[in-house]
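# Topology and contacts: notes
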There are 2 protein chains.
Amino acid sequence: MDLIPLVMAISLIALIVAAYFARQIIREDRGTVQMQAVAAAIREGAEAFIRRQYSTIAIIAVVIAVVIFVALTGIGDFSRAWHTSVAFLLGAFLSALSGVIGMSVAVRSNLVSAAAAEKSPAKSLILALRGGAVSGLTIIALSLIGISVIFTAFGSNPLEAPFLIVGFGLGASLIALFAQLGGGIYTKAADVGADLVGKFEAGIPEDDPRNPAVIADLVGDNVGDCAGRGADLFESTSAENIGAMILAVALYPVFGLAGVLFPLVIGAFGLIATIIGIFSVRMKDAEHKNPMRALNKGYYVTAFISAIFFYIATMVLLKNIWFFYCGLIGLALSIVILYVTLYYTDERFRPVQKIAKASTSGSAMNIITGFNIALETTAINAISISVALLLAFKFGELSGVANGGLYGTAVATMGMLAPCAYILAMDTFGPIVDNAGGIVEMSKSSEVACQNVAKLDSAGNTTKALTKGYAVGSAALSAFLLFSAYMTEVSSYTGQAFEIVNLARVDIFAGALLGAMLVYLFAAYAIRGVGETAQYVIAEVRRQFRERKILAGIDKPDYAQCVDITTRGALKNMVLPGALAIVFPIAVGLTLKYEAMAAFLIVGTITGLLMALVLNNGGGAWDNTKKCIESGLYGGKGSDAHKAAIVGDTVGDPFKDTAGPSLHVLVKLLATLTLVLAPFYI
Amino acid sequence: MDLIPLVMAISLIALIVAAYFARQIIREDRGTVQMQAVAAAIREGAEAFIRRQYSTIAIIAVVIAVVIFVALTGIGDFSRAWHTSVAFLLGAFLSALSGVIGMSVAVRSNLVSAAAAEKSPAKSLILALRGGAVSGLTIIALSLIGISVIFTAFGSNPLEAPFLIVGFGLGASLIALFAQLGGGIYTKAADVGADLVGKFEAGIPEDDPRNPAVIADLVGDNVGDCAGRGADLFESTSAENIGAMILAVALYPVFGLAGVLFPLVIGAFGLIATIIGIFSVRMKDAEHKNPMRALNKGYYVTAFISAIFFYIATMVLLKNIWFFYCGLIGLALSIVILYVTLYYTDERFRPVQKIAKASTSGSAMNIITGFNIALETTAINAISISVALLLAFKFGELSGVANGGLYGTAVATMGMLAPCAYILAMDTFGPIVDNAGGIVEMSKSSEVACQNVAKLDSAGNTTKALTKGYAVGSAALSAFLLFSAYMTEVSSYTGQAFEIVNLARVDIFAGALLGAMLVYLFAAYAIRGVGETAQYVIAEVRRQFRERKILAGIDKPDYAQCVDITTRGALKNMVLPGALAIVFPIAVGLTLKYEAMAAFLIVGTITGLLMALVLNNGGGAWDNTKKCIESGLYGGKGSDAHKAAIVGDTVGDPFKDTAGPSLHVLVKLLATLTLVLAPFYI
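Treat the numbers as computed from the prediction; the structure is a model and nothing was measured.

Reading the values: the criteria
- Residues numbered from 1 in each chain as written.
- Chains lettered and ligands numbered in written order.
- Predicted model: local features only at pLDDT ≥ 70, side-chain atom pairs only at ≥ 80, totals over all residues.
- Heavy atoms only, no water.
- 1 Å grid on protein atoms, 1.4 Å probe; cavity = no way out; pocket = protein on both sides within 12 Å on 5 of 7 lines; lining within 4 Å.
- Points joined across faces, edges and corners; volume = space filled by probe spheres on them.
- Helix = DSSP H or I, 4+ residues; strand = E, 2+ residues; numbered from the N terminus.
- Expected span 1.5 Å × (residues − 1).
- Polar contact = N/O pair within 3.5 Å; in protein donor to acceptor, adjacent residues only side chain to side chain.
- Least-squares fit on C-alpha atoms with pLDDT ≥ 70 in both.
- Contact = heavy atoms within 4.5 Å.
- Axes fitted to C-alpha atoms, helices over the stretch in contact; angles between N-to-C directions.
- Parallel < 35°, antiparallel > 145°, perpendicular 65-115°, else oblique.
- Left-handed = near helix turned anticlockwise from the far one by under 90°.
- Nonpolar A, V, L, I, M, F, W, Y, C, P; charged D, E, K, R; others polar.

## Remarks on empty space enclosed by the protein
All names here are of chain A.
- Under the criterion given, the structure shown has eleven cavities of 30 Å³ or more.
- Approximately 90 Å³ is the volume found for the largest cavity.
- Surrounding the largest cavity, 15 residues form its lining, Thr 237, Glu 240, Gly 267, Leu 417 and Ala 418 being those nearest its centre.
- If you list the elements that add at least two residues to the lining of the largest cavity, you get α4 (121-153), α7 (214-249), α9 (257-280), α15 (404-417) and α16 (420-442).
- Residue contributions to the lining of the largest cavity peak at five residues, all from α9.

## Digging into helix α11 (residues 291-318) of chain A
- Between the first and last C-alpha of α11 of chain A there are 39 Å, a value that for 28 residues agrees with the 40 Å anticipated at 1.5 Å per step.
- Regarding α11 of chain A, its N-cap is Asn 290 of chain A, as a side-chain oxygen of that residue lies 3.0 Å from the backbone nitrogen of Met 292 of chain A further along.

## Looking at the relation of the copies chain B and chain A
- When chain B is fitted to chain A, the residual RMSD is 0.0 Å, and the transformation amounts to a turn of 180 degrees plus an axial shift of 0.0 Å. Taken together, these values place the two copies in the relation of a two-fold axis.
- Most of the interface of chain B is mirrored in chain A, where 100% of its interface residues again form contacts.

## Concerning the packing of helix α9 (residues 257-280) of chain B against helix α15 (residues 404-417) of chain B
All names here are of chain B.
- Axis separation between α9 and α15 bottoms out at 10 Å; the angle between their running directions is 15 degrees. In terms of orientation, α9 lies roughly parallel with respect to α15. α15 is crossed by α9, and the crossing has right-handed handedness. In contact with Gly 259, Phe 262, Pro 263 and Ile 266 of α9, α15 contributes Tyr 407, Val 411 and Met 414.
- Taken together, the residues of the contact of α9 with α15 sort by class into six nonpolar, one polar and no charged.

## A word on the environment of Arg 293 of chain A
- Here Arg 293 of chain A shows up in helix α11.
- Spatially, the C-alpha atom of Arg 293 of chain A lies 9.7 Å from that of Val 281 of chain A, the residues being twelve residues apart in sequence.

Here is the structure:
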């Protein structure tokens, strides 16, 4: 069977469906002139940021491609040099492209979703979900197309090509790093800046049109959540596919080409499952009071169909039922992690209730309790991930295939990532409805419209939190995969099996210590970036309030100026953490060499994942604590508990939307960077 | 040369000097009747807590000793069973004893230090330092005596005895775990409880005699900082000595018995250096305006003399100059870490200034900036520790001795821990002068006395922060040592060299992930313990204020009730994290076995150390930010920045005095627990 054409065909179908959704959105009712004006401002701001951000990243990408080419040529490996550089550029380009496409649809979906809000909240939901689906489908389809093309272009030799395409993953990592850092800093600096001056100093409500930073805040949702997470999961899926292909090389005698291309087939089938899942969310589902029900229904449909496809693909290509079970473990893990995240961040459950109660004793108790919960969230997640890996390995061994255990964990990762496009659609749904809320608010629409959108916005907050949990889980599985791929890669260089690391050696211990330290320092720089950029925004908002009669309603605020200042601040402040993430691992690798680098990688990965959980879930819990109190509990709006909860929410902002998500990306960047540069560490 | 008698003789001299200091303190002027009343209340509270705490721990210790005995007998190793159990009980007993002695002198020194404050602040300082020296000298001397006695009792066979005495380290770890957890929860629950109701709700100043929790707060300084840290460093020094002795077994052909006993000799010489250092701090040094100068002078004298002794011991016993250089690296590392800690937590430097400036934008910015700094502190520390380890290993190799590298790192650890008794004296100085401040304040002494003690108290805060940095650094070095000892231990069981761990195996990855997770969950439980105990204290203080006319000055508060409630709360809440720290590693070890356990240990250690740095230094920085603003900067007392800084300080309290220090202990407990239980994991 020709698998590559199959993967390409399905991916193209997914792109066509995405185009169909995009066309549907463009043709919808765009609401009032006021709405259109707000949406246009958001769109312009987002596009300006993305343009400038990608210009910066493009330069960095080209420089890195040249460095890789020269360095690899320098050690006499010309073939790998050009293969890796080309793959790198393609990975970077496609990641950026899918980000741009997804975002440009998102900044149009927000308007139509807002316009539909008054008459039909159900339609509003469906439009936002389909707007998100454009992102989801495009990202996964372009990743699959990219890998298929480059695999074919590099000669389709299943024993060689997987090693040559690792550059693709690195390109995707690089884009993800800067997209997430830049977007994450942008969104939270604008948010914190708008809130601190608007809400606290001037006493005007959130999303008030008089606030000069309000458009920047809405732009932030798109460039941070939408473009950032999109690049993150583009990378996850690419890296996972490549890692699994490398591991499949060892199983070539058993499975042949089918084993190597299996991950791509699963990815393609996941696209079909997602398309069915999206279409399964119908108007009558969306009419229910709780929007999460409609979104969840689509997810379960997607997961169920993915499982069926998984069964078919496994039986046809691998002819071994145990690998189907491995895939189910991955699917199951994704559901477990979603529920754990929900438990820790949703106001219906004990953790958020506890923080809310502690808030009645002031800000300090809110922070202490929230941090305590944040630390605690690592436990069930880590145990679930460990059990999933151990089981998948066991099932892989039970398959009777030699080296089947490791491949079993790879298949579990595929299972987890199979419904990825749907998860991405739910994720992008978040910023779309958040923006729709802002548009409705700023264009002075009816109370009904505001209430309808608020309900969707609340669901969007949940989906955003869930996606982050999912991203961490899939990063954990694919990190293990990439780590194993690194060991295989080093073995293929040295000609000796590299499976063992002498942990009692001092350089290994140092490597491990420095790997963990990088995570802390990187998080520190990412959080600092938000603080510094927020200072610019604060100064600018204060200046506008001082110099013009905005608060009295006489002068109009200069939104563009705020957007511009946030853009420049975010781009400037993404450089330090970005450079650290690239330069430090290389310096350690060149100094301490490949064994210490293995320890660096594994300990950095584990620390990064746990820290990301702490930051994401802590931030999510603080956010919902505020919402919980605003809904009237523990004193309600304006009470001391509410003031304490606002402090927690503000602290959580850079945790959950900048540092946390950047850490997922860092973890995968470490893996792909080490994979590509392995020859220099030997 | 008979080294054991030499070590015993020096240790006895140190105990005699400690007794001399204690006698001097008891004979000093005890101040007014009011002062004596306050001091008596503190003493009674502290002694009651220690009595109840150690009764609880004694039961746990006996149970564990029996379990170890039965389990080791069960696998047919009767000899190891009784050796280990006896060593365990002796280690636990001596650790507890040294804690009791040190604390009982500390709760007497506070009074004489307070009494001297008005007439001679210099004398006040010297008395407090000598009171602290009783702790420092007793702790190290008892550790050395204990190891010497048990080494001799177990037959003095240098090839066998080191393996039989690992139980001693575990006993010390267990006491340290509960002492630090219980004391840490006690001190911060009382502090937070007293502040939240007293300062914020009732609006009375800190240490006001009307606050029913004020005595509990002062008791907390003794049981947390003094007894807790004492047990922590008793364990560090014991574990380091035992670990180094185990590694020296491999070098027996080169160094003979001298190599095995070398760590004890260095420890003993460190005691002499400390005694000289303490005596070198004279009245005229103490008269200087900045008390840190006097304390630092003593430290430099101690370090310098330690270096000389190190040279002599190395040349006589090991006859190899390179190991002297290794020792210098350890000494140098201790100084570097002290300076790094000072930079990040002292208000004279940029980090605290930055947090203070951010506080002007509110509590959220104070927390965000403080957390950012806290994360950042890991960087220079981790790099310094890595460089020190790599250099020590290199120098050890350059010595030309086979396996000299690993021994080089052991010698560096000895260098770092040589001046340990002096560091402990400086550390215990902290709670003594803190208490003296409370006594002066509550007994309505003169303004001059208050000011004099406040200056000492500020120095005490610095020394406490420095000691924590030192404890982390020494924990890092001794953790590497113990890890290597674990590998050696496993090899001696399996009969095969266990040096390598296959990091690409899924159980190893799971072990590593769970090791890191334990640190986060343990920290969460420790912080939660403070929160829950503080709730009891808050309720009790509110009750007293409500039911009696305390605030009006008519009724007297019931201090004893608060002390009792805090005691019960702390003892109850230390159980969960304590049990977790013991049960979880054993469960993982029994399930995933010794290789995964190696990964568990190394990743748990690294995560624990970095997290401890984050919590300790973050807490220290927040504390001094508050002090910095109170000194008049950024708006001064009562300003919004000050309110924000108080939030940060309260958040930092359980970080720096409960969770952080408990993590050092956890790290070492993991190592000794794994060492002792290694046979079950094979």
